[in-house]
Amino acid sequence: MDIRTPISPQSTRFLDQLRNFIRLRGLAYKTEKTYVFWIKRFIRFHGRKHPGTMGTEEVEGFLSHLVLQANVSVATQRVALNALIFLYREFLGTPLEELQYEAARKPKKLPVVFSPDEARRVIACLDGEYKLIAMLLYGAGLRISEALRLRIKDIDFGMQQLIIREGKGGKDRITLLPDRLIEPLQKQIHSARLQHKVDIARGCGSVYMPAGLARKYPSASQEPDWQYVFPAPDLSIDPRSGIRRRHHMLDRTVQKHFKIAIRAAGIHKPAGSHTFRHSFATRLLEAGHDLRTIQKLLGHSDVRTTEIYTHVVRKGGFGVRSPVDEAF
């Protein structure tokens, strides 16, 4: 569940203070969890010494350890570095000196992509909400967390677009709403509205709202348009407030159904929910859409991230026809 647990502002625990500082900065909860994970790992690596008593030398040692002993990827080492830079520069106010450490050199893996037939087969093995979620990932390039966090108001049928709120990096973006999904989404929203009416009658009809919006619009949590498109099947207790309410479906539950469908479709690639997003980008590239357009639809901050799909389009090798196909 992507809801932060409450922390007392008076807590003297180091990690509690760090979490509160991150929240005051307005960083996404996933960023908070990632930064805390790597900072805890850094502290444990150095025998639980307080970060205030350590500095550049200890950070260099930890980053080199990640490569030499833990064998992490370039991206993983970069995430750990970002967490530690934030810790020292932003939280502790003691910026690190120029770092000298062993940099990861593992090549970036190419994304796993479904062929059009494979995508159809996997989706055919899914039912109900799980099928619709898979079609959203494949048809609009959403991440699974983005699909599950969709609110009713985020689907604009008039403009035929989806508004993705606080995607990766805390950015909003707009992507397409496929023709094929208009009717299924209308039915899903109708079902979500009916469920909300039942919850209202039971006194449990408020939905989670980001802190700032909750203060600005105190009654919005009970309005139909703020409800999740894919509500969870059961009510749960909000750990921050103790309020019993309905959250969105859990990503691990959806992932489990996707894995079962991938096996049922007879596909042996190391595929998962993100494979649909990779496949969306690859299909657009194959259809001749430019990289900048695909970058915007995916929400990539750097076009170089999008360029990796040029290596996995069908008929790889940039469309070159093989001599063996000409000769035989």
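Only a predicted model underlies this, so the values are computations on that prediction, with no experimental measurement involved.

**A word on the overall build of the protein chain**
Working step 1: Looking only at helices and strands, the protein chain has 14 helices and five strands in total.
Working step 2: Across its three principal directions, the C-alpha atoms of the protein chain cover 70 × 65 × 35 Å.
Working step 3: Residues counted as buried form 44% of the 328 residues belonging to the protein chain.
Working step 4: Within the protein chain, contacts between residues separated by at least 24 positions form 62% of all contacts whose residues are at least 6 apart in sequence.
Working step 5: Roughly 18300 Å² of accessible area belongs to the protein chain as shown, and the carbon and sulfur atoms make up 53% of that amount.

**Quick word on the domain arrangement of the protein chain**
Working step 1: By the assigned domains, the protein chain splits into domain 1 (14–91) and domain 2 (108–327).
Working step 2: Taking the mean C-alpha position of each, domain 1 and domain 2 sit 30 Å from one another.

**Overview of the packing of helix α6 (residues 128–140) against helix α11 (residues 273–286)**
Working step 1: At a closest axis distance of 6 Å, the pairing of α6 and α11 adopts a crossing angle of 35 degrees. The interaxial crossing formed by α6 with α11 has right-handed handedness. Packed against α6, whose contacting residues are A134, L137, Y138, G139 and A140, the element α11 presents S273, F276, R277, S279, F280 and R283 at the interface.

**Some thoughts on the UniProt feature "domain: Core-binding (CB)" (unreviewed entry) in the protein chain**
Working step 1: This chain's UniProt record puts "domain: Core-binding (CB)" (unreviewed entry) on residues 5–92.
Working step 2: Taken as a whole, residues 5–92 contains 67% helix and 0% strand, while its terminal C-alpha atoms sit 23 Å from one another.

**Considerations on the nonpolar core**
Nonpolar side chains in soluble globular proteins generally cluster together in the buried interior.
Working step 1: The biggest cluster of nonpolar side chains holds 39 residues, and the ones touching the most others in it are I133, L185, F258 and F276.
Working step 2: Taken together, the elements giving at least two residues each to this core come down to α5 (116–124), α6, α7 (144–148), β2 (161–164), α8 (182–201) and α10 (251–264).
Working step 3: Of all the elements, α6 adds the most residues to this core, at nine residues.
Working step 4: Within the second largest apolar cluster, 26 residues are counted, among which are Y35, A80, L81 and L87.

**Here we look at the pattern of salt bridges**
Working step 1: Going through the model one piece at a time under the given rule, you end up with 16 salt bridges.
Working step 2: For the salt bridge of E90 with R89, the shortest nitrogen-to-oxygen distance reads 3.0 Å.
Working step 3: The exposure class assigned to E90 is partly exposed, which follows from its relative accessible area of 26%.
Working step 4: Residues D302 and R304 are paired through a salt bridge, measuring 2.7 Å at the closest nitrogen-oxygen approach.
Working step 5: Owing to a relative accessible area of 25%, D302 belongs among the partly exposed residues under this scheme.
Working step 6: Residue class for R304 comes out exposed when judged on its relative accessible area of 62%.
Working step 7: Residues participating in the shared-partner salt-bridge network are R19, R23 and E32.

Definitions and cut-offs
Residues numbered from 1 in each chain as written. Predicted model: local features only at pLDDT ≥ 70, side-chain atom pairs only at ≥ 80, totals over all residues. Heavy atoms only, no water. Helix = DSSP H or I, 4+ residues; strand = E, 2+ residues; numbered from the N terminus. Buried < 20%, exposed > 50% of the residue type's maximum accessible area, 1.4 Å probe, protein only. Contact = heavy atoms within 4.5 Å. Areas by Shrake-Rupley, 256 points an atom, 1.4 Å probe, with all protein chains shown as cover. Domains from an automatic or database assignment. Axes fitted to C-alpha atoms, helices over the stretch in contact; angles between N-to-C directions. Left-handed = near helix turned anticlockwise from the far one by under 90°. UniProt positions renumbered as here; feature names shortened; annotations may be inferred. Core = buried A, V, L, I, M, F, W, Y, C linked by side-chain atoms within 4.5 Å. Salt bridge = Lys/Arg side-chain N within 4 Å of Asp/Glu carboxyl O.

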